[in-house]
Amino acid sequence: DRLWLMYVIRSLTYGTLYDFEIKCPSCDSPAKESRDLDQLPVNYADESMMSLFETELPFSGLKMTFDVERGVHEVEVAKSTRHKRKMFLNQADQPDEVFDFRALLLIRKFADATASYETPTAVRQIWQALNAGDRTHFRNLLNNMPWGIDVNIDITCAYCSYEYEVPLPMGIDFFYPRNIQASKH
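Residues numbered from 1 in each chain as written. Predicted model: local features only at pLDDT ≥ 70, side-chain atom pairs only at ≥ 80, totals over all residues. Heavy atoms only, no water.

Colleague: Residue-level account of the sheet that holds strand S7 (residues 116–117), with values.
Modeller: Backbone hydrogen bonds hold the strands of a sheet together, and the pairing may be parallel or antiparallel. An order of S4-S5-S6-S7 is seen for the 4 strands of this open sheet, with the pairing classed as antiparallel. Edge strands, defined here as strands with exactly one partner in the open sheet, are strand S4 (53–56) and S7. Running over the sheet, helix H4 (residues 120–129) touches strand S6 (107–111) and S7 and is turned about 70 degrees from S6. Its contacts with the sheet put helix H5 (residues 132–143) on S4, strand S5 (63–66) and S6, and the angle it makes with S5 is roughly 35 degrees. (Pairing = 2+ DSSP bridges. Helix = DSSP H or I, 4+ residues; strand = E, 2+ residues; numbered from the N terminus. Contact = heavy atoms within 4.5 Å. Axes fitted to C-alpha atoms, helices over the stretch in contact; angles between N-to-C directions.)

Colleague: An account of the confidence of the model for the chain is needed here, citing residue identities and associated values.
Modeller: This prediction gives the chain a mean pLDDT of 85; 86% of its residues lie at or above 70. Of all helices and strands in the chain, the one with the weakest mean pLDDT is helix H2 (residues 71–87) (70), whereas S5 scores best (95). (pLDDT = per-residue confidence, 0-100.)

Colleague: Just give me the short version of the pairing of S5, but keep the residues and values in it.
Modeller: Sheet topology places S4 next to S5; 4 bridges connect them, and they run antiparallel. The residue bridging Phe53 from the neighbouring strand is Phe66, located in S5. Between S4 and S5, which pair antiparallel in sequence order, lie 6 residues; one of them, Gly61, sits at a positive phi of approximately 80 degrees. By the bridge criterion, 4 bridges tie S5 to S6 in an arrangement that is antiparallel. Within S6, the residue paired with Met64 across the bridge is Phe110.

Colleague: Could you give me a rundown of the pairing of strand S1 (residues 17–23), with the residues and numbers involved?
Modeller: With burial as the criterion, only one face of S1 is covered, namely that bearing Tyr18, Phe20 and Ile22; the residues Leu17, Asp19, Glu21 and Lys23 on the opposite face remain uncovered. Where S1 lies against strand S2 (residues 30–36), 7 bridges are found, and the strand directions are antiparallel. Looking across to S2, one finds that Lys23 is bridged to Pro30. The antiparallel pairing of S1 with S2 creates a hairpin that spans 6 residues between the two strands, and Asp28 there sits at a positive phi of about 65 degrees. (Buried < 20%, exposed > 50% of the residue type's maximum accessible area, 1.4 Å probe, protein only.)

Colleague: An account of unusual backbone geometry is needed here, citing residue identities and associated values.
Modeller: Glycine aside, residues mostly have negative phi, and peptide bonds are mostly found in the trans state. With a phi angle near 65 degrees, Asp28 is a residue other than glycine that sits in the positive phi range. A positive phi angle, near 65 degrees, is found at Ser161, a position not held by glycine. Locating Ser161 in the fold gives a position in the loop between strand S9 (152–156) and strand S10 (163–167).

Printed below as a string of structure tokens:
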């Protein structure tokens, strides 16, 4: 997992303690927080998680088989984006275009009660015909795979006592900390 690797490199480079600032979503008060990056939970994938996945799409009822997203898929998405920018005068891809490209790299087949559709043309046609609910279901599956580093942290506001969970902020201080602590490694 590349995100996990980035946290490890940051910990080895600047130490495991990460100081950051955050605003309370309830009262908008600023707070200085600190987290030990070595204490973030990591869910490791086992071999069974590296095979094909299957899900039933909630609106169409189709069964969809898809591959786990890997670095090779990210490289293909990046190549496609760079190529389009060159061809279309640096026009940025729309998020849905990138997601469509990403999805079509991963989907292996669709199936209903009577048939299985596995050719790239059939998969593309079915994908393009799916409604937003089925597409969102797939996007959520990809974004919530059961492995990786859990960067969600719990915070309680010192001013209003509001409790909330947020992803660990990754601002400039993550990559260039103001105060470098001695590493535990």
